[in-house]
Amino acid sequence: MPNDKLRSQLLLHFIVFIWGFTAIIGKLISLEALSLVWFRMLFAVFFIWGYIVYKKMDWRHSIQQIPMFLLAGVVIALHWFAFFKAIKVSNVSVTLACLSTGAFFTSLIEPLVSKKKIVGYEIVFGLIVVAGLALIFNVETRFVEGIVLALVSAFLSASFAIINTKFVIHHEPVVISLFELIGGVLFFSLLLGFSGSFTSSFFQISLSDLGYLLILSSICTAFAMIASTALLRVLDAYTVMLTINLEPVYGIILAMLLFEQTETMSGTFYLGAIIILLTVIANGWLKSRKSVN
């Protein structure tokens, strides 16, 4: 069991690095946030369906649960929309830093949903993350819209992780991911259809955008979504969300290297990021001691 947890934590960190790179791809893609997410989820559906066919996996045992999977897909779709919209109206660093509040949201939501006992240090760590976030944006007030959108994205991400924790107990993660993505595609298809957005220009995608979308939907979505959902069988939702706080660190470093002119922030911003990182390390240390005892 300890080895399983160690492998799971290493895989989780790799997935979080991929998610940090997701923000970079989102900035590179010229599409608007809604169409970007729609194409991302649509392509990912085909990748996961191909995997299910290749592995000859049986998904019929989950058929009664499909409506719930579809609804969960709406949650993750809205999370991604708010996430990419925040990047478009602010920048990668601001958006990723705000996602650190996901752990705090999880510490508040999970006890209400699972009747889990409130753990004192989880609340404390969540508040420290919020303090780090407040420190970061004390001098970055020009990105109010991006901050609000990113906070909404963090709340939806926390909610989605908690929902999936319940699903993975009885259902195959690949099947869960497939129908959640289908749910997101259907939801946004209705929005785009009723708004008259499905025009010929909507489907005119540049080769560079298409290439980025294929990377985004295969590696950053299909693989990462299946793997992270499976990890919820081993790791609790709070640990997953708090580790995801490393996403800003990975993403901000990448953004600084690739978009130096628009992503270089103040010293206070990076101090807040360090506080978040130390919080993640402290959480892992406490949980490892608790499991040993």
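Residues numbered from 1 in each chain as written. Predicted model: local features only at pLDDT ≥ 70, side-chain atom pairs only at ≥ 80, totals over all residues. Heavy atoms only, no water.

K.L.:
What exactly am I supposed to notice about the environment of Leu192 here?
P.N.:
Along the chain, Leu192 turns up in helix α8 (residues 173–194). Here the alpha-carbon distance between Leu192 and Trp38, two residues 154 residues apart in the chain, equals 9.3 Å. Residues in contact with Leu192, not counting those within four places in the same chain, are Leu34, Trp38, Ser197, Phe198 and Phe202. (Helix = DSSP H or I, 4+ residues; strand = E, 2+ residues; numbered from the N terminus. Contact = heavy atoms within 4.5 Å.)

K.L.:
Sorry, what's going on with the confidence of the model for the protein here?
P.N.:
When pLDDT is low, close inspection of the predicted coordinates is not appropriate. In the predicted model, the protein carries a mean pLDDT of 83, and the fraction of residues at 70 or more is 89%. The secondary-structure element of the protein with the lowest mean pLDDT is helix α10 (residues 237–243), recorded at 68, while helix α3 (residues 66–89) shows the highest, at 94. (pLDDT = per-residue confidence, 0-100.)

K.L.:
Looking at this structure, I do not really get helix α6 (residues 120–136). What am I missing?
P.N.:
The periodicity of an α-helix, 3.6 residues per turn, causes residues three or four positions apart to be oriented the same way. Taking 1.5 Å as the rise per residue, α6 with 17 residues should run 24 Å; its terminal C-alpha atoms sit 25 Å apart, in good agreement. Among the residues making up α6, those that are buried are Glu122, Phe125, Gly126, Val129, Gly132, Leu133 and Ile136. Viewed along the axis of α6, the buried residues span an arc of 115°, placing them on a single side of the element. (Expected span 1.5 Å × (residues − 1). Buried < 20%, exposed > 50% of the residue type's maximum accessible area, 1.4 Å probe, protein only. Arc of directions from axis to C-beta.)

K.L.:
Help me understand unusual backbone geometry, please; the structure alone is not making it clear to me.
P.N.:
Note: most peptide bonds trans; most residues except glycine with negative phi. Positive phi outside glycine occurs at Lys56, with the angle close to 55°. Residue classification places Lys56 among the exposed positions, given a relative accessible area of 75%.

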